[in-house]
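# Structural characterization, general
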Amino acid sequence: MSGLITITTPLRSFKGHEDCITAVAVFPDRRRMVMSSLDKTLRLWDLKTGVVLKKMEGHRNWVIKLAVSRDGQLIASGDTKGEVIVWHGETGKSLTKIAHSFGEISSLDFSPDGTVLATGSYDKMTKLWNTKTWQLQGNPIECGYVHCIRYSPSGELLAIATYENIQIYNSGTRKHVTSFKAHIGDNMSLVWTPDGTRLLTGGSDSDPTIREWDTKTWKQVGDPWTGHTDHIQAIAIHPAGTLVASASSDNHVRLLQLSDRQTIAVFKHSFATTCVTFSVDGNHIFSGGDDKMISEWTTIATTTVRDACIDGDLSTDEELLMQDINTDANNHTPCILAIMTSRIACLNGDLSTAKTLLTQDINTSPNDHTSYAHRSLVMARKCDWDRALLDAIKSIGIQPSLTGYISEGIALCGKGRVLDARAAFDVASMYTDQDSEILHFLLLIKAIALFNADQHDEANLLLTKLATGCPNTDTLACDIVQAYLHVQLGIKALNGARYDEAADHFTAALDSRDSSSKSNIHEIYEDLVVLFGWDLKSLWRNAHHKRCDALLRAGKLQDAVKSYQHMMASSDEITNADCLDWSNGESIASNECSALCAANGEAAFAASDYDEAIDLYSMAIDLDSASYIFFANRSEAKLCKMLWEDALLDAQKVTKLNPSSHVGYQLSHSALRGAQRYDEAIEAFTIMLSKLDNAPEVQIRDLRRQYVRPSEAEDAIRRAVWIELSNAPLRLLNTSTGILCDRAAQLNSFKTSSEYKELLSSITKYSDLQMERTKEVVATHFRCVLLSHRWEETEVLLHHIQNKDVRELKGLGGITKLQSFCKIARDAGYLWAWMDTCCIDKTNNAELGESVQSMFVWYRHSALTIVYLSDVPPSSQSGALASSVWNERGWTFQEFVAPKVVIFYQNDWSLYRNDRTPNHKESPAIMKELEDATGIDAQALISFNPGMRDPRQKLQWASKRVTTVQEDTAYSLFGIFDVHLPVIYGERKQSALGRLLQDLVSRSGDITCLDWVGQSSEFNSCLPADIISYATPPYSLPSLSDDEIQTAVSSLRNIVPVDSASNLYNLLKNMNAPLFANCRLRLPCIAFPVTEVKRKRGRTAHFTYGVKADGLRDLLITTDETLIQFSRTRPTQQTFFLVRPWDRRLLGLPDFSEQPTFADEVESVGDWSESESGSDDADERSSNSPGEEKLSVDSDVHSRSLRLMVHLGQAFSALLVAQQHVGEYKRVASDQYIIAQVKDPASINIMNIRTLDIL
């Protein structure tokens, strides 16, 4: 026969939905299942008991699809109006809502790592959502009408089944990998094999096949899988990858074997099926659809039966199927008692009717031993033990039987004849046919009968042995019996005022079995109801009630509340109503208890135990629902737990109970803020202020003083925004919209953002106005990414993109670079981006000047600077960055040293050297490469500080960089030196550089800027014509050790008079700093008159002259200029000096500009003790006589003067200046540094110290 099996009867059915089931998923914990329906709800089920754990309501439209994260912590569901709700996987509570679009949500899937939720819709888009922030992650994927989306097992790929084709994307980059036409008509469903090597797709009614695709080649594998005749709505795959299940609108679910693509079973539904999934272990299938339920089928039996069918063993086929289908997981006990006429009366507690019916049976059939046994049981129920025993003996006398000896044992226990009863139960075991289930249940009856005979210890011991010693028997039955017996003991203890003992018994009853088993035990253990009249329907409810009551009477309030909360959480609506009735009637005084609960709730709240506070307030509310204070307190506790919607409901209840109070609106404001409903929050806050203003009580009106109006909060935010934007470019690109925004548009974007509304709604008190959070929120929103790049021949300019979406522009030179830059910034989470080519109006001189002046500040305050290396190809080796032309440009110097965070990209917009360091300034490899290329210390590149310090070194760093516009040589350094000078394009390079250097010398007094070789500038002869003149490092003076200096000082001490040394020192100390103004330099210096200039013979491109000067050793000078030759014997009227520009650092005095500020020293100053600052110093001063003090000071001054002379005796870099007019000089430029040295430090003449005016 054929190996195909058709099964029509499921193992179980999960019913409860009122409309079509649209999706189903099983949780990884194997315990739970969730399904969605067109009835607008989801239901969370316990797979073991078949009980609904949670009805999840929140959708306002048909729920179409759902997904469960791999860890089971999140559930996502989507409806026909494009709304997605995310639920907590354990509790089923709503966490957040996402508005995908206006279209129907047709598919959902979590990434394997759970960090992303993918949603597909009929709006032709697939969107990816960050599961921590629930914000859209990147741009949507525009793919057409979506039917199904599924992540690959690794999460690397995302497959999308659309109306037209199957599309594959890289989930991380969203790059399109491939597309292929899978089916004629729609592509309905998808599933990946667990190893990711195959993708299975299902077609529509025009092609109802499953096709298999190789995920390496994306080619079809083998022939299509046939069998279905209508839409294949869903495909599921066995966890081991061996079986495939498909659900179709043809009312069938087909089970196929992946290896040979053969159908091995068909599970037949009454209506169309829409969903199917495997259990975690793969042993069961769950499927459903228009039949409004989920059916459970086995995969084990079907595969076994198929093997039997193939072997031709038809008896095995029937036997296995019936064994599987008829095995009821809920059928825990055998029906020991045969069907009797009085059974229904016994179940209903109508014992008189039961007795009458059985007596009629006996009268009709006097030798019917069963009727006597049954009447014995009824008489035992009535506690008529004598009649019960007589009927039992009569039954056994007619014919010994199991039921006869059971009835005898129960009757004997009732009469207190325990030994005889044990014997009766022992004999009864002979009539069980060695059936373990019947024997087990017989022993349970024996234990109950012994318990009723007050043999509690023996009964409990027997139950314990049954539960632990018989692993293959029904342990649930033992739990139920033990629970019932504990309840009976608890009632006795409660009636005896032994409250702690009673509470322990009731707790033991509830702990003996999870209360999820409560729903059907009355039916399962119906024989116990017949035999003993037990009320199993209310067993758990009674245990809960009694435990709460016992704990309350024992004064254990917190335990009582926990018990009450558990009772309410595990009860249905009817049981909850009973619980409320109990709380109002059976326990201690309601008002007293509610007040006690509230007081303890406040204590729990103060201790930050919010869960317990909520439970206590809930119990107080249940006991007294008219108190708005209880609702207010619970709302506040829920706010602390971030249960925003629940807190809002309580806040609204407060407003309803006390509409004139501000409290409800205050709580509503906090809850609405937490729920991100900011406009409503601000409205609630405004109403709260009006309630405070109009409150009749003075103390309530006084509360108003601490609150600010929303308009005041807006002003504070506006001030923070302007401060933040003062360091940002004037125009910015919005990476989300692609639109270039001026200041007004930037402000409007912020004011319409959720961040602004959240911030505005959070500023409620005057103290909030000073909080750093306002600055943080504003700074975060306006974080900006700046681009550093080399301009190409064609670039996108301002007029190209104004009022246009840059994402849509095509055919413009440089547009790809701009679009890629904006995408990188957007994907990194930044809203704003700036690129110098198109974000500055270069036709506006004022804006252009401001931009040049502010460029360094903009880059310094950027959140990220992206460096685009257009000449560095992908997979470049080390050194490509160093050789990039980007490293040679003038503007890129400040664009790299100014930002705190920099990332380099190659010309395909991949990371340079694939270095994934979040800040390439922290990448040792990249910084070492830049250090070697630029000659700038890596630490200086990383922690660059703009300003006047070390100007000569900064000029050297910039000396070899070039700019397209000549003036930019200087303008690109304005930010480096933190100078603010007019930007005058057209003034020429020498003028621009001259103005910069003039400002540096004038403001810093630093003469190292005069230390260069090359051509003189027309601006001033002491300045170079080109910045390249600073490329040659300055002459490094040979340094003397302290011992050498001390030796030289000692030798001078005996030669140089004290007054002479002091006069020299004081004269130099009082020299003014260099003054540069109007292209004229007033230079303080030591000038040595030149006495001879004589040209040396030789054929070179330059002139070399021998030069002599008073007080200096003879030296050579090389220059392009022709000098007048002269000597002492052949003098000239033109005066020449070899000049040593005066450097105040030679004085050896501290530079207070480099000392810690007063603020830095406050702590140390504050630590001074009185003795340290007062009396000890006075004692020290008093120990020295005035004469000794003066000698010490004079000695120090003399030593310092002599040390200065030693330094002046060292070689120095000199300037040669030639007189032009009276008192005016020009520097003679040299191609090499002029290194001069005095002949004798002791002979330095103070007459040589002067200030020269140099043109």
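The name given to the chain in an unreviewed UniProt entry is Heterokaryon incompatibility domain-containing protein, with Suillus plorans as the source organism.

### Describing the overall build of the chain
Regarding its fold elements, the chain presents 45 helices and 44 strands. Among the 1255 residues that make up the chain, the fraction classed as buried is 52%. A separation threshold of at least 6 residues defines the contact pool for the chain, and within that pool the share at least 24 residues apart is 56%. Just so you have it, the chain exposes about 57600 Å², and 49% of that area is on carbon and sulfur atoms.

### What to know about the packing of helix α12 (residues 499-511) against helix α15 (residues 539-553)
The contact between α12 and α15 brings their axes to 8 Å, and the two run at 150°. Here α12 is positioned roughly antiparallel relative to α15, judged by the angle of their axes. The interaxial crossing formed by α12 with α15 has left-handed handedness. Seen from α12, the contacting residues are Y499, A502, A503, F506, T507, A509 and L510; seen from α15, they are W540, A543, H544, K546, R547, A550, L551 and R553. Looking at side-chain class alone, the contact of α12 with α15 contains 10 nonpolar, two polar and three charged residues.

### Quick notes on the environment of G1148
Of note, G1148 is situated in the loop between β40 (1136-1141) and α42 (1158-1166). Put simply, G1148 and R1203 are 55 residues apart on the chain and 8.7 Å apart in space, counted from C-alpha to C-alpha.

### A short note on the UniProt feature "repeat: WD" (unreviewed entry) in the chain
In the numbering used here, UniProt assigns the feature "repeat: WD" (unreviewed entry) to residues 14-55, 56-97, 98-133, 225-266 and 266-307. This span, residues 98-133, is 0% helix and 56% strand, and a straight line between its end C-alpha atoms measures 11 Å.

### Regarding the nonpolar core
Among the nonpolar cores identified, the biggest contains 118 residues, and L818, W834 and F904 are the most heavily contacted of them. Formed by 91 residues, the second largest nonpolar core is a distinct cluster that contains C478, W534, M619 and A681.

### A word on the sheet that holds strand β30 (residues 732-734)
One open sheet holds the six strands; their spatial order is β31-β30-β33-β32-β34-β35, and the pairing between them is mixed. In this open sheet, the two edge strands, each paired with only one partner strand, are β31 (740-741) and β35 (902-905). Strand direction decides the pairing type here: β30 and β31, joined by two bridges, are antiparallel. Paired with L732 across the two strands is C741, which belongs to β31. Where helix α30 (residues 815-827) meets the sheet, it contacts β30, β32 (784-789), β33 (832-834), β34 (864-868) and β35, and its direction lies at approximately 140° from that of β32. The sheet strands contacting helix α31 (residues 845-860) are β32, β33 and β34, and the helix crosses β32 at an angle near 120°.

### Digging into helix α4 (residues 351-364)
Taking 1.5 Å per residue as the helical rise, α4 with its 14 residues ought to reach 20 Å, and the 20 Å between its terminal C-alpha atoms agrees with that figure. For α4, the full list of buried residues reads L351, A354, L358 and I362. The arc that holds the buried residues of α4, viewed along the axis, is 70°, so those residues lie on one side. Exposed residues lying more than 90 degrees from the buried face of α4 are N363 and T364. As for α4, its buried residues are in contact with α3 (343-347) and α5 (369-381).

### Some words on α5
Look at α5: 19 Å from first C-alpha to last across 13 residues, which is about the 18 Å you get at 1.5 Å a residue. The buried fraction of α5 amounts to 12 of the 13 residues, a majority that puts the element mostly inside the structure. Taken together, the buried positions of α5 are H369, S371, Y372, A373, H374, R375, S376, L377, V378, M379, A380 and R381. In this structure, the buried side of α5 is in contact with α3, α4, α6 (385-398), α7 (402-414) and α14 (526-532). Where α5 begins, the capping side chain belongs to D368, and its oxygen is found 3.1 Å from the backbone nitrogen of T370. A positive backbone phi angle near 65° is found at C383, which sits one or two residues after α5.

### A word on a nonpolar patch on the surface
Together, Y122, Y145 and Y163 make up an exposed nonpolar region whose accessible area comes to about 310 Å². In this structure, Y163 sits in the loop between β16 (157-162) and β17 (166-170).

### So, the packing of aromatic side chains
Counted under the stated rule, the structure contains 30 aromatic pairs. Geometrically, the ring pair formed by Y405 and Y431 is stacked, given 5.7 Å between the ring centres and 20° between the ring planes. Here Y431 lies in the loop between α8 (418-428) and α9 (436-452) and Y405 lies in helix α7, a separation of 26 residues in the sequence. Given the relative accessible area of 33%, Y431 is considered partly exposed. What links up through ring pairs into an aromatic cluster is the set F180, W192, W213 and W218. Sitting above the plane of the F896 ring, K921 keeps its charged end 5.0 Å from the centroid.

### With respect to the confidence of the model for the chain
With 89% of its residues at a pLDDT of at least 70, the chain reaches an overall mean of 86. Residue range residues 573-589 is modelled with pLDDT below 50. Its contacts to residues more than four positions away, or to other chains, number 32 contacts. Confidence drops under a pLDDT of 50 for residues 1154-1183, and excluding neighbours within four residues, the segment shows six contacts in the predicted structure.

### Section: the side chain of E296
Mapped onto the elements of the fold, E296 is located in strand β29 (residues 293-298). A relative accessible area of 6% means that E296 is categorised as buried. Among the polar contacts listed, one links the side chain of E296 to the side chain of R12, at a separation of 2.8 Å. When neighbours within four sequence positions are excluded, E296 is seen to be in contact with P10, L11, R12, F14, H284, I285 and F286.

Quick notes on the rules
- Residues numbered from 1 in each chain as written.
- Predicted model: local features only at pLDDT ≥ 70, side-chain atom pairs only at ≥ 80, totals over all residues.
- Heavy atoms only, no water.
- Helix = DSSP H or I, 4+ residues; strand = E, 2+ residues; numbered from the N terminus.
- Buried < 20%, exposed > 50% of the residue type's maximum accessible area, 1.4 Å probe, protein only.
- Contact = heavy atoms within 4.5 Å.
- Areas by Shrake-Rupley, 256 points an atom, 1.4 Å probe, with all protein chains shown as cover.
- Axes fitted to C-alpha atoms, helices over the stretch in contact; angles between N-to-C directions.
- Parallel < 35°, antiparallel > 145°, perpendicular 65-115°, else oblique.
- Left-handed = near helix turned anticlockwise from the far one by under 90°.
- Nonpolar A, V, L, I, M, F, W, Y, C, P; charged D, E, K, R; others polar.
- UniProt positions renumbered as here; feature names shortened; annotations may be inferred.
- Core = buried A, V, L, I, M, F, W, Y, C linked by side-chain atoms within 4.5 Å.
- Pairing = 2+ DSSP bridges.
- Expected span 1.5 Å × (residues − 1).
- Arc of directions from axis to C-beta.
- Polar contact = N/O pair within 3.5 Å; in protein donor to acceptor, adjacent residues only side chain to side chain.
- Patch = residues over 30% accessible without salt bridge, like charges linked within 9 Å, V, L, I, M, F, W, Y side chains within 5 Å.
- Salt bridge = Lys/Arg side-chain N within 4 Å of Asp/Glu carboxyl O.
- Phe/Tyr/Trp six-rings, centres within 6.5 Å; stacked < 30°, edge-to-face > 60°.
- Lys NZ or Arg CZ within 6 Å of the ring centre and 35° of its normal.
- pLDDT = per-residue confidence, 0-100.

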